[in-house]
Every structure is written in C-alpha cells, then in structure tokens.
Amino acid sequence: MAARRGPARGPTGARFERRRRAAAAMAEEPPEDGAARTLPSLRQLSRGLPFGRSHGRLGISASGRLTLPALCSQENLDAQKTAFVLRKAWTLYSVTPLYGFRRGCLRDYARLLSAFIAAEKQKGLAVEVGVELDIKVALSSLADLRGSELDQAGLLVQLSSRSRASSRNSEDKLLWSGWFCSMFGDDLSENVPENFTCLPLFLTHGAESYTALVGSWFQKTFDCCFRRLAISPLNLSWMVAMWAGYKLERAASAVELVFSMPRLSHPLDISYAIHPEDAKALWDTVQKTPGEITQGEVAIFMDCLYAHFHRHFKIHLSAAKLVKVSTGIASAHCDGIVKILHSQYLPGVLMLLTELAISQIQ
Amino acid sequence: MPQRQSSRTPKQPQRVRHKGQTDLSAWRKGGRIDSEKSLQNHESANNDSQEGSLDQALSYLEKVQNRVALKKNSVLQKHLDAVESTALTQGLPPEGFEILLNVALNGKFADTVNTRLLKSLIPASVIPENSVVKAVSWLCVGKCSGNIQLLFFKWLITVFDFIDRKEQLRALYGFFFFFLQDEKMCPYICHVLYLLTTKENVRPFRIRILLDLQARMGMQSHLQALLSLYKLYCPELVTITLPGKMKTYFRNSEGPWKAAIAAVRQRNQGTSPLSQAVFLGTSRPQSRKRKWNTQLIIPASSSSTNNLREDRQKNGVYLCSTNEFFPVEQLQTFPQLLQNIHRLEFPSQMGSVLTNPLLLHYMNCVKDESIYLRLYYWMGQMLQEECTWCVVDNPCEEEFRSFLETIYKSECFLQEGFSACEEFLYKTLPLWDGVNCRSEVLKLITWIPLSSSSDLKSYIYDPLAQLFFTSSIYFKCSVLESLKELLQNWLNCNVIQVDLELSSLNTTLSGLVNAVAELVHFVGWISTVGLRLERNSSFLLYFILDFYGTVCDMYLKYSLPLLIMPPAGVFYPALLSMDSVNLNQLCYIMYRYRTNLVAAKENEVTKKQMMQFKFSDQTYQEYNQYLTAMVGCLWTSSAFQKDIHPQGLCMDDELLSKTAVKEVKTSFNIVYHPAMMGYSIKFLQQICPDEPTFNFKLIKGKKWDWYLEYLYSQGLKGLKVFIESSISRVSQASRRKAENAEP
C-alpha cells in the first residue's frame, strides 16, 4: 500500500502532463522575460495525482506547450561544442535513469566499456581492462547540453578505431557516436533520488551493432533500459507547426511533409512541400496565444494544409499517415530519427524530444 | 604441527622419514598388540584382520628405503592389495593419507605402483590438510613423473571438499599458479585454482599471465572459467563474455575416485559434502534472436561492475572495501544468504531478483527506495515494450505470459504489488480484450495496491465492467475471483499495517474504508447485472457469494469498521436459489453478518474503540429486512407476507391467488424450498420407507427437529449456524406459529 509508505515506492510524483502544466503555468503567470520567469513557476506546481499516472499517455495529446525560443536563448550554447550534433541523422532512444552513475569516473567507464566491446567482439576470450584495444572509447561531459538547473550535463560516447599502422598523432577514425541529454527534463529529474542520473534522451549515429554494444553495457552497468523512441504523427504535426513558426536568417529550405498511404499493396508516399515563408505566414495567422502553443492551434494549422491540398488534388491527407516532416530547423521521421540543422534552435528541439522520451519512460 | 611440517621439507628426507617412522611404529605397534592405543587411533576396531593388514602395509610402505620393483616382490604386492581392498571397501582413515601420499610422490616406486597408490586414496571421513600440503611440497623436488603429478591434481580436484581445512592450501596459490605453464597440466591446475581463488588472489600480474596463456593456447574452456571467476571478483581489471551456449568448463577430473568415494560413503552411511558447483555468468539461451534492448529475458543475477568508485574514494586503507561484498552469483543456498546478508549487494540489474527467491528474501529485508525504483523502471519498460495487446505485431504471447506469471509469483512472494505493474494495468486495461493473457492479467489485478477511488474507477473498474458484461460466464467468475483476492490482499495489508504503524492510522484508514466500500459496491453492481444476464446461474452465484464470504467478516476478521450488505439483486437470487450449496452459503454469510453487527453494536455501547466509525443505521435496517425475508422463507412460511424489503417478495394475497398455485403460503420453508426439496424427499424416504407418495406435511413437531438434525448431518453447516443464531430464541414461538400455519 503505497499510500501509507508515503512517496517511498516508485516515483509517484509528477507524472501529470507536462504540456498541460506548461499551459497552466502560462495562465497563472504571464511571462515577463521568457525563461527566467516561467521556469521556476513550472516547478512550483502541484505534484499531480497521488498515484500519479498521467492521463492520455497512450497518444492522447494535451493542450499546450511553451514556445521554445522564449525558454532558451542561444547564448547558452557554445556553437563550437555542439557543432557535432548538426546535420547528422540521429536515432532516438529513451533511457530510464542511470543508477550509480558517477560523473567523476568517466575515464574508468571508458576503459571498462572498451574492454567490454572487445570481449563481446571476441566472445570467449578475456580482455584486460585498461590496455590499448582496437576500438577506443571516449566518454565526455557536454556541459552545454542542459536546460534547467536540474538537468544533468549531457554525456557523449565516442567509439573510434585506433589507427595502427600510422603514428600516434594521426587521427583516429570515428566509428560511432552517441549522446545522452536532458533538456528541461525536470519532470523526471525532480522526482528521483540522488543516486540516479536522469538523462532520458539518447541519440546515436553509427552502426546499430555498436549501439547494441554500448547500450547493453549501460544497461548492465547502470541498470537502465533503452527503448527506441518513435514519434507519433500527432507529435510530428506539433513539430512541423512549431518549427515552421521560427524565424531563420538564412534562406531556409522548404517545409516538407511526407505522408504514407495506408493499406496499399505498393507503398505510396505523398510529399507535400511548402515554401517556408508561406508556412510561417500561415502559422502566424493561426498562432494566437503569446509564448504558448496549443493543440487547437496545431490542429488548425494542419487542417489548413490539408484543406489546401484537397482543393488542388482532391486527396484527404488527414486519412494518410504523417511519416516525416522537415523544416529549416530540423527534420524528424516517425521511426525516431531526427536531423537537426540549426544550432540556434537546438535547445528547443531537444526539449521537445526530452519531453517525448520522458513520456515514454513514465 | 609446525615442527613436523618444517621438518618435512624435501631437503631433509632422511629426518623426515625417521620422524615419521617413529610415529608410525608406535601406532603400528599398538595396532598389532591390540592395546588401548589402537582404539585411540581407529574409528572402528572390529575389522581387525583388515585393519591389521592395512597397518602392516602402511608401516611397510613407510619403511621402504630404496627403489623397489613390483615384479618379483610378493611382499609389496601383498601390501598394495591390502591398501587397495581397504580403500575400496571402507575408505582410508585420515592418518593414512600422509604416508601414502609421501610414498606415491617421492619416486621410490615405479609409476605403476604410484598410480595404484594414488588411485586408492579414498577417504573414509576427511583428509588432513597437512598431508596435502606435504604432498604438494614433494612436487617441488620433481621426483615424480609428469603422469603422477597429473594424477595427483586430478585426485586433489575430486577430493577437494574432503580436505578438512584449506587455509594453508590457499597459501600455496602462487605455487599452483606456477604449474599453469605446463600445457598438459594446465586444465587441471585451472580447476584447482578455480576451487581455491578468493578475491585477494586476483592480481594484475596473474591476469596478464593468464591472458598470455590465452594468447598462446587460444580459447580454452578451463581458462575461460578461471578468467570469468577473476572477472567476478575484479570486474575493473578483466572482462570476458562467455559464448552463449552452456558447456562443461572442466571436463575430466572425476578420475577413478568418484564412484568409489560414493560407494564408500554410502557404506559408511555418511552424506558426501556438496561438491562445489561451477557457476558462471553465461547468458541464458535465448529462445530467438531479439533486439538488444527489447529482450524480455530477465537478466541473470550478476554482481555489479560498478564498484570502482568505492576503491577510488576510499583509497589506501579501504582499498579492499569491496572484498566485503559477496558476489550474488555465488549465492546459492539459504544458509549462504543468512551468513552473508550483511555483505550482499543487489545484482547489477535489479530485474534478475524476480527469478531468484533468495534475492527476493533479501529484498524483503532491505528497505531501500532505490531498489524499488530500479525495478520500477525496468519492469515498466519491459511491460510496455512487450505488451501483446498494445504493441502491434508482437508475436511472442507465450513469453509475455510467462513474464507476467513471474511478476505475479514475485508479488505473491513479497505480498506486495509492484508499482510498475500497477501502472501497466492502469494504462492497458482500457485496451485489453479480455482474452490475451487472461489468467495472468486477472492474477496481476489481485495485487493492485489500494489507490484513489477515481483512478480505480476509470482505469480498472470501468474497463473490467465492460468486459464482464460482454464476456462468457467463465470470465465473469474469474473476474469475481480476482476481485475477491484483491479485497483480501487489501484487507491483509491493512491488518499488517495497523500493527506496524498506529500513528498514521486515522487518515489512511478512512482512505482504505472508502476504497474497500467502493470495491464492494462495484462487485455488488456487476454481480446484480451478471446474475440477470446469466439467468441466475448457480455457478456465477457461487463466486458472488464467495466474495461476500469475505465482505461479511471485515469487521471482526480484519478490524475494518465497515460492513456492506449484498444488494437485493444478489440476496434474493441466492435466497431463492435452486441449489442448496448457495442457500447454505447465504445462511452462513448472514450468520457472519449478524456476528459482526452484534460485535459492532457492543463496541459502540462500551465505546471501546473506533468511535469515529459507526455503522449507519441503514446497515442494521438492511440486515433486519433481509433477516425477516430469510426467516419467512426458511422457517415461518411467511415469505410473501413478512418481507418488508422494497425489492423483496412481498405480494398481495390477491396477486398470489392469481398465480393459481396451490398452498402458496407454505411454498417456502426448509421443507418446501426448491433448494431443500431434495433433502426433504430423502428424509421422508428414510422415516417412512413404505409411503409411496411424499407427504411433506408429516414433517412437523418432533419430526421437524429430526429433519433439522438430518439437514445438519448432510453438511449444511451454514444453515445450522444461521438457524441456531437467528431463530433459536424465537424458535418455540415460531414453530408453534409454523405448526398453526399449516392446515
């Protein structure tokens, strides 16, 4: 009987809907100067249901989200240090909190992980920890990749092959990289005890076999679980609406939506491209509430696009499945693959992805 | 002993023999003369002839000075035979090992003799550690051949558990380790080392030597075994992934002794010590290829590799702090758990506790939030990922089933629901079809923790009700069964908690009362509808009454200040039920209600406890209405007149006469009630066997009492307690009334 033991068993806290809370926060306290004002008030809110389970976690979306530029100014991020993130296709995973993770032990972890990879590759042969191995592992903190004070700094894992033939100072070839991050993941991090580290979003680039090795080592060592993070069509529509509204200095590429027609013997995709300025103009007419985006607004935006398409092609896109969206900010595929193009909006994109990851964990 | 030991260094073989000789001569003399001394040294003196010949053999072997050939030496032959036959029948006494090992390893005899001697080293009880240590020292001088050395190590492995102490043997770890270099000996040495290794033995230089060997010899199962033991103790130094398939890591080693030892043991009526099992952290065979992160396979228990922080922070003095931990892989028995409970650490992946009862025991003892949290995250993800009715194209229902079953068993073991499982049910019951993994899901429901009523209603009760109304009668019965167990689990938890923490009682007790009330009302509602849908099926009614069997006793049995009567939609179908089992059960339940209500009333009057809770008058009123109906129906034959319940049986005479049923008035009492008719017929057959037609009117007066006795003897205990408690006081009057009523 969890009630009597108090909050001891299981994270019974904030499992309420983040979006709704964000909306509530906005309603209570209109933002005066962006992030600095709104975020603390987020945390002050009630912890939700006593046995907290968020409603509508199975795909029913809720009402509102904060707009992202308001939350995070670009000065926070050192463009140099996060450049590696941009223009690469990242596969998304959600990760439950890491147990017993020590930031000070990154070098030891790297040694253990590298020995683990070697041992897995040559099953049955023992490997000494700490010797030079074919695959070099580097773990490092990404201090810039965090949103609120509760967020842990990001964690970068890189596997590279040691170049044997050439001399020492020659560059190692990067084989695989992956990084953990939490961008305004307060919903999760404010409720877990000290010996847990919340980095709910994990992004990988490189061969799946390496992802499996690194992932299983983390699972074994820190008792965490990885799950692929798929993006529902509803969340894709959120993304395209939000991203279409952002200002870009450079001439941006087209806003493109890819739909897949269901129940056909041959796969049929419909690609729907819109000039970015048109998309922004449309969004600006739809978006009313300052600093917040609501589900209703997103729905209207999409309906306008569908109506326009129907007028020209007599096809109801609403009956098709939205599988991919791409904008000048980022692109996202429903299988859980994203590509981020613009460093200015990196925190915003990551915040949305962190939120999705958390909702998959809780 | 130290003196003797030091004298036994191979450099001074003369003195050694001399000393041994004197010792043994005294012993032997005693044996021969059959004085008291022999009794001191021998466990059994009744086998004089054999003992004698063994003594002679030992003393002969002890005295041999020069190399002796077996051929042409009938004396040696005789003594060898004596040793062998004694060993095979009785085993050798502890004292014999030192002499025989000495002789076998010092190279005096040919290898054939040495082999025979070694082969006959079968212990009757224990083997003194000293004798083994001395034998090992002989290996250093290199007097015996490689084959004999090999045979000795094989013997050592087989009899390892018979050696009385192992401290000095462990001190020779480095010596054994040196023998690894011999390629032929290596597998056996690995096994010996495997048996001897403790955490202190695992050193970087040894790891390097083993890795060199590995590089030279390739993948060898004995090296794998030893290295994985090293990994177990020092994961921060070495790592290895064992290939998926389980195999024997040390073949061999049984040698010629095992069967003989077993036979001797059996003859001596002793149980052999458990030979140490080789446990290695191999991955369990996977049923099929799966993605790395979606394996439903519950991880094997393995100790955490994450200890390096300990060494780091408490450097120097506390460097061996991790020694204190007992690796979970080695936890095999309950006594081990008890001995090491203070230095046990949970496995690196908490999920593995589910399949390990010992760790579940341990979990019960440890109140640490993080273990529940780790389990919560892991289980939550597994359940979501694998749920067969939520994830499209998930073909592995069998696996998921057994996973749910495992969770349920652990919950029963811990007597507590897992919060991840609770959440899973909340999330997925609304989507459940009632078919997928039916019995497992219904079982898991029984461990849903007490929770806020609005949540229970929308996530559990509503979806269950929908399925209940639209599914078969068997499903209905299973749901009722689950809900009964759920109720019992709540009540049991409450009883325990009340004992534990009285302070927080008030606030949470009302919460419990509300939740229980809601559950009982819910079951009352679905039961009413269910009975109507299933045309008052006796089968369904049985399960419903079973549920109320718990409800009617909540006040006395579980000290819960709550009693809820069944709704009329349940009560009347039970009262008018066609079978006696249900009627009897109803009687029993009403009797328990009465007992509980009376007790509550008494407590209320004496103002002893639970003042803030008072059963509402409505409960008493409802009870009384039901009681009136029951008495009318079973006893006074006034069911249609006396029933005052609004949904009851009360009917005008006019209406009754329209039914054209003869003798309406008497159609309900313990004789005429449809459920009792069978009994009354049988009873009549017994008291008037010659009567061809059944004259039920005969059952009155004294026969009425006989009839009651007859009913009680037929196992209608519920009826008995009901009648004795609720009717006895008015029995005289009512019986008279009943008699008057009958024409």
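In this text, all values refer to a predicted model and were calculated from it rather than measured experimentally. (Residues numbered from 1 in each chain as written. Chains lettered and ligands numbered in written order. Predicted model: local features only at pLDDT ≥ 70, side-chain atom pairs only at ≥ 80, totals over all residues. Heavy atoms only, no water.)

Draft legend 1. Quick peek at the overall build of chain A. When helices and strands are counted, chain A shows ten helices and 16 strands. By the burial criterion, 57% of the 362 residues in chain A qualify as buried. Put simply, 72% of the contacts in chain A that link residues at least 6 apart link residues at least 24 apart. Carbon and sulfur atoms provide 53% of the accessible area of chain A, an area that totals close to 15,400 Å². (Helix = DSSP H or I, 4+ residues; strand = E, 2+ residues; numbered from the N terminus. Buried < 20%, exposed > 50% of the residue type's maximum accessible area, 1.4 Å probe, protein only. Contact = heavy atoms within 4.5 Å. Areas by Shrake-Rupley, 256 points an atom, 1.4 Å probe, with all protein chains shown as cover.)

Draft legend 2. Main features of the pairing of strand 7 (residues 173-181) of chain A. Residue and element names in this part refer to chain A. Of the pairings in the sheet, the one linking strand 6 (residues 154-161) to strand 7 comprises seven bridges and is antiparallel in character. Within strand 7, the residue paired with valine 157 across the bridge is glycine 178. Looking at chain direction, strand 7 and strand 9 (residues 201-205) are connected through five bridges and run antiparallel. Paired with serine 177 across the strands is histidine 205, a residue of strand 9. (Pairing = 2+ DSSP bridges.)

Draft legend 3. Inspection of the packing of helix 29 (residues 580-606) of chain B against helix 35 (residues 717-727) of chain B at higher detail. All names here are of chain B. Across the interface, helix 29 lies against helix 35 with an axial gap of 7 Å and an inter-helix angle of 40°. Classified by the angle their axes make, helix 29 and helix 35 are oblique. The element helix 29 and its partner helix 35 pack so that their crossing is left-handed. Contacts between helix 29 and helix 35 pair Asn584, Cys587, Tyr588, Met590, Tyr591 and Arg594 from the former with Lys717, Gly718, Leu719, Val721, Phe722, Ser725 and Ser726 from the latter. Broken down by class, the residue content of the contact of helix 29 with helix 35 amounts to seven nonpolar, four polar and two charged. (Axes fitted to C-alpha atoms, helices over the stretch in contact; angles between N-to-C directions. Parallel < 35°, antiparallel > 145°, perpendicular 65-115°, else oblique. Left-handed = near helix turned anticlockwise from the far one by under 90°. Nonpolar A, V, L, I, M, F, W, Y, C, P; charged D, E, K, R; others polar.)

Draft legend 4. How the structure looks around the packing of aromatic side chains. Residues and elements named next belong to chain A. What the rule picks out here adds up to 57 aromatic pairs over all chains. Geometrically, the ring pair formed by tyrosine 93 and phenylalanine 202 is tilted, given 6.1 Å between the ring centres and 50° between the ring planes. Note that tyrosine 93 is positioned in strand 2 (residues 89-95) and phenylalanine 202 in strand 9, a separation of 109 residues in sequence. The class of tyrosine 93 is buried, set by a relative accessible area of 1%. Between tryptophan 176 and phenylalanine 202, the aromatic rings sit 6.4 Å apart at their centres with planes inclined by 45°, giving tilted as the arrangement. Residue tryptophan 176 is located in strand 7, and its partner phenylalanine 202 is located in strand 9; the two are separated by 26 residues in the primary sequence. Each member of the pair, tryptophan 176 as well as phenylalanine 202, carries the same accessibility label: buried. The rings of Tyr93, Phe101, Tyr109, Trp176, Phe180, Phe202, Trp217, Phe218, Phe222 and Phe226 are connected pair by pair, giving a single aromatic cluster. (Phe/Tyr/Trp six-rings, centres within 6.5 Å; stacked < 30°, edge-to-face > 60°.)

Draft legend 5. Region of the structure containing the pattern of salt bridges. A full pass over the atoms with the stated rule returns 20 salt bridges over all chains. Arginine 111 of chain A is the salt-bridge partner of aspartate 108 of chain A, the closest N and O atoms lying 3.3 Å from each other. A residue pair is termed a helical-turn pair when its members lie 3 or 4 positions apart in one helix, as aspartate 108 of chain A and arginine 111 of chain A do in helix 4 (residues 106-121) at three residues. Between glutamate 440 of chain B and arginine 401 of chain B there is a salt bridge, with the nearest N and O atoms lying 3.1 Å from each other. Here arginine 401 of chain B lies in helix 20 (residues 397-414) and glutamate 440 of chain B lies in helix 22 (residues 438-445), a separation of 39 residues in the sequence. By sharing partners, the salt bridges in this structure join Glu397, Glu398, Arg401 and Glu440 of chain B into a single network. (Salt bridge = Lys/Arg side-chain N within 4 Å of Asp/Glu carboxyl O.)

Draft legend 6. Focus on the confidence of the model for chain B. Residue and element names in this part refer to chain B. Per-residue pLDDT for chain B has a mean of 79; in total, 78% of the residues score no lower than 70. The weakest mean pLDDT in chain B belongs to helix 2 (residues 13-33) at 38; the strongest belongs to helix 26 (residues 538-551) at 96. Per-residue pLDDT stays below 50 along residues 281-289; that stretch engages in 15 contacts with residues further than four places along the chain or on separate chains. Across residues 502-506, where pLDDT falls below 50, the model places three contacts with residues more than four positions away in sequence or in other chains. Here the predicted complex carries an ipTM of 0.79, next to a pTM of 0.77. (pLDDT = per-residue confidence, 0-100.)

Draft legend 7. Fine view of the side chain of glutamate 440 of chain B. All names here are of chain B. By relative accessible area, which is 9% here, glutamate 440 ends up buried. Only 3.3 Å separates the side chain of glutamate 440 from the side chain of serine 439, close enough to count as a polar contact. Non-local contacts of glutamate 440, meaning those with residues more than four positions away in its chain, are made with Arg401, Leu404 and Glu405. (Polar contact = N/O pair within 3.5 Å; in protein donor to acceptor, adjacent residues only side chain to side chain.)

Draft legend 8. Seen up close, the nonpolar core. All names here are of chain B. With 157 residues, the main nonpolar core has Met363, Met379, Leu483, Val516, Met590, Tyr593 and Tyr707 as its most contacted residues. In terms of residue count, the dominant contributor to this core is helix 25 (residues 505-533) (twelve residues). If sequence neighbours within four positions are ignored, leucine 483 has contacts with Leu464, Leu519, Phe522, Val523, Ile526 and Phe547. Among the nonpolar cores identified, the runner-up in size contains 87 residues, and Ala104, Phe162, Val202 and Val238 belong to it. (Core = buried A, V, L, I, M, F, W, Y, C linked by side-chain atoms within 4.5 Å.)

Draft legend 9. Expanded view of the packing of helix 8 (residues 276-286) of chain A against helix 9 (residues 295-313) of chain A. Residues and elements named next belong to chain A. Where helix 8 contacts helix 9, the two axes come as close as 9 Å, and the packing angle between them is 135°. Between helix 8 and helix 9, the angle is such that the two are oblique. The two elements helix 8 and helix 9 meet at a crossing, and its hand is right-handed. Only Glu297, Val298, Ile300, Phe301, Cys304 and Leu305 of helix 9 make contact with helix 8, whose side of the interface consists of Ala279, Leu282, Trp283 and Val286. Its residues assigned to classes, the contact of helix 8 with helix 9 shows nine nonpolar, no polar and one charged.

Draft legend 10. Broad picture of unusual backbone geometry. For glutamine 415 of chain B, which is not a glycine, the phi torsion comes out positive at approximately 55°. Phi is positive for serine 559 of chain B, close to 45°, though the residue is something other than glycine.

Draft legend 11. Representation of the pairing of strand 11 (residues 255-260) of chain A. The pairing of strand 11 of chain A with strand 12 (residues 269-274) of chain A spans six bridges and is classified as antiparallel. Bridging across to strand 12 of chain A, leucine 257 of chain A finds its partner in tyrosine 272 of chain A.

Draft legend 12. How the structure looks around helix 21 (residues 419-428) of chain B. Counting buried positions over the ten residues of helix 21 of chain B gives nine, a clear majority of the element. Listing the buried residues of helix 21 of chain B in full gives Ala420, Cys421, Glu422, Glu423, Phe424, Leu425, Tyr426, Lys427 and Thr428 of chain B.

Draft legend 13. Representation of helix 28 (residues 568-575) of chain B in the model. Along helix 28 of chain B, seven of the eight residues are buried, which leaves the element largely enclosed by surrounding structure. Among all positions in helix 28 of chain B, only Ala568, Val570, Phe571, Tyr572, Pro573, Ala574 and Leu575 of chain B are buried.

Draft legend 14. Molecular detail of the state of the cysteines. Summed over all chains, the structure comprises zero disulfides over all chains. For the unlinked cysteine cysteine 105 of chain A, the closest cysteine sulfur is that of cysteine 224 of chain A, found at 16 Å. A residue is classified by how much of its surface remains accessible, and cysteine 105 of chain A, at 6% relative accessible area, is buried. Cysteine 587 of chain B provides the cysteine sulfur closest to cysteine 552 of chain B, a residue in no disulfide bond, and the two sulfurs are 12 Å apart. With relative accessibility at 0%, the residue cysteine 552 of chain B sits in the buried group. (Disulfide = S-S within 2.5 Å.)

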